[in-house]
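# Analysis of the macromolecular model
Okay, here's what each chain looks like letter by letter:
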Amino acid sequence: MSKADTAAAERYARAIFELGLEGGGDVGEIVAKIESFAAVYGSTPELRSALENPRVLASERDAVLRAVAERLGFGALGLNAIRYLARRRRLRALPEIAERLGRLSDERRGVVRATVTAAGPLPESFYERLTRELEALTGKSVSLERREDPSLIAGVVTRIGDRTIDGSLRGRLEQLGRQLQSS
């Protein structure tokens, strides 16, 4: 995604979020609906093709949007936001817009997202302890996303905001290699 597309996604996400706040509705619900539409849009090539094809009449595109939004249980604000993005030919930015909306919603609720990548499955107690430690570190509630990457060999890599804590064996070996090269 280009810088211009990223900036546009940020603007659209903020606008949708602020409209949700002004409307007095449940902003979390609007965010969830946009995220669900983005997931359907991203995972359905036929839908993307129909909505992005310039040969498809605007009225037909709008009918498809309305049908999908209705199935997903959209309210008026969510539907209008999706329809606006379609008219502006910005549906491709929908996954990024949804992600940014999620972050804005989390900020408002005092939640910070963290990603923990481990070499393999870890016990639930590890994730519970890590969540408590991250909450103590940030002073906020932490939403922990779990991933697995066997190339780490052992250990975990934790990302929270723009901070990365690399406790993986691969990371330690790379650090040791850099130290040996600089000696």
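Going by the structure above, here's the rest.
A brief report on the enclosed structure follows.

Let us now look at the overall build of the protein. Helix and strand counts for the protein stand at 8 helices and 4 strands. What you see in the protein, going N to C, is helices and strands ordered as α-α-α-α-α-α-β-α-β-β-β-α. Taking 2.2 N^0.38 as the reference for a compact globule, 183 residues should give roughly 16 Å; the C-alpha atoms of the protein span a radius of gyration of 20 Å, well beyond that estimate. Each principal axis of the C-alpha distribution contributes one length, and for the protein these read about 65 × 35 × 30 Å.

Here we take up helix 5 (residues 76-87). Side chains three or four residues apart in an α-helix point the same way, a direct result of the helix having 3.6 residues per turn. A rise of 1.5 Å per residue sets the reference length of helix 5, with its 12 residues, at 16 Å; its end C-alpha atoms lie 16 Å apart and thus fit the reference within 8%. Residues Gly78, Leu79, Ala81, Ile82, Arg83, Leu85 and Ala86 constitute the buried set of helix 5. For helix 5, the elements touching its buried residues are helix 1 (3-22), helix 2 (27-43), helix 4 (58-71) and helix 6 (94-109).

For strand 1 (residues 111-118) and strand 2 (residues 141-148), the ladder comprises 8 bridges, and the chain directions are parallel. The partner of Val111 across the bridge, within strand 2, is Ser141. Regarding topology, helix 7 (residues 124-138) serves as the crossover connection from strand 1 to the parallel strand 2, and that connection is right-handed.

So, on to the packing of aromatic side chains. Evaluation of the coordinates by the stated rule reveals 3 aromatic pairs. Their ring planes at 75 degrees and their centres at 5.9 Å tell us that Phe37 and Phe74 sit as a pair that is edge-to-face. You can see Phe37 sitting in helix 2 and its partner Phe74 sitting in the loop between helix 4 and helix 5, a full 37 residues away along the chain. A single burial state applies to Phe37 and to Phe74, both of which are buried. Pairing Phe126 with Tyr127 gives two aromatic rings, centres 5.6 Å apart and planes at 75 degrees, and the pair type is edge-to-face. The exposure class of Tyr127 is buried, given its relative accessible area of 5%. Residue placement shows Arg146 over the ring face of Tyr127; its charged tip is 4.0 Å from the ring centre.

Rules used throughout
- Residues numbered from 1 in each chain as written.
- Predicted model: local features only at pLDDT ≥ 70, side-chain atom pairs only at ≥ 80, totals over all residues.
- Heavy atoms only, no water.
- Helix = DSSP H or I, 4+ residues; strand = E, 2+ residues; numbered from the N terminus.
- Rg over C-alpha atoms; globule rule 2.2 N^0.38 Å.
- Expected span 1.5 Å × (residues − 1).
- Buried < 20%, exposed > 50% of the residue type's maximum accessible area, 1.4 Å probe, protein only.
- Contact = heavy atoms within 4.5 Å.
- Pairing = 2+ DSSP bridges.
- Right-handed = clockwise from strand over helix to strand, strands pointing away.
- Phe/Tyr/Trp six-rings, centres within 6.5 Å; stacked < 30°, edge-to-face > 60°.
- Lys NZ or Arg CZ within 6 Å of the ring centre and 35° of its normal.

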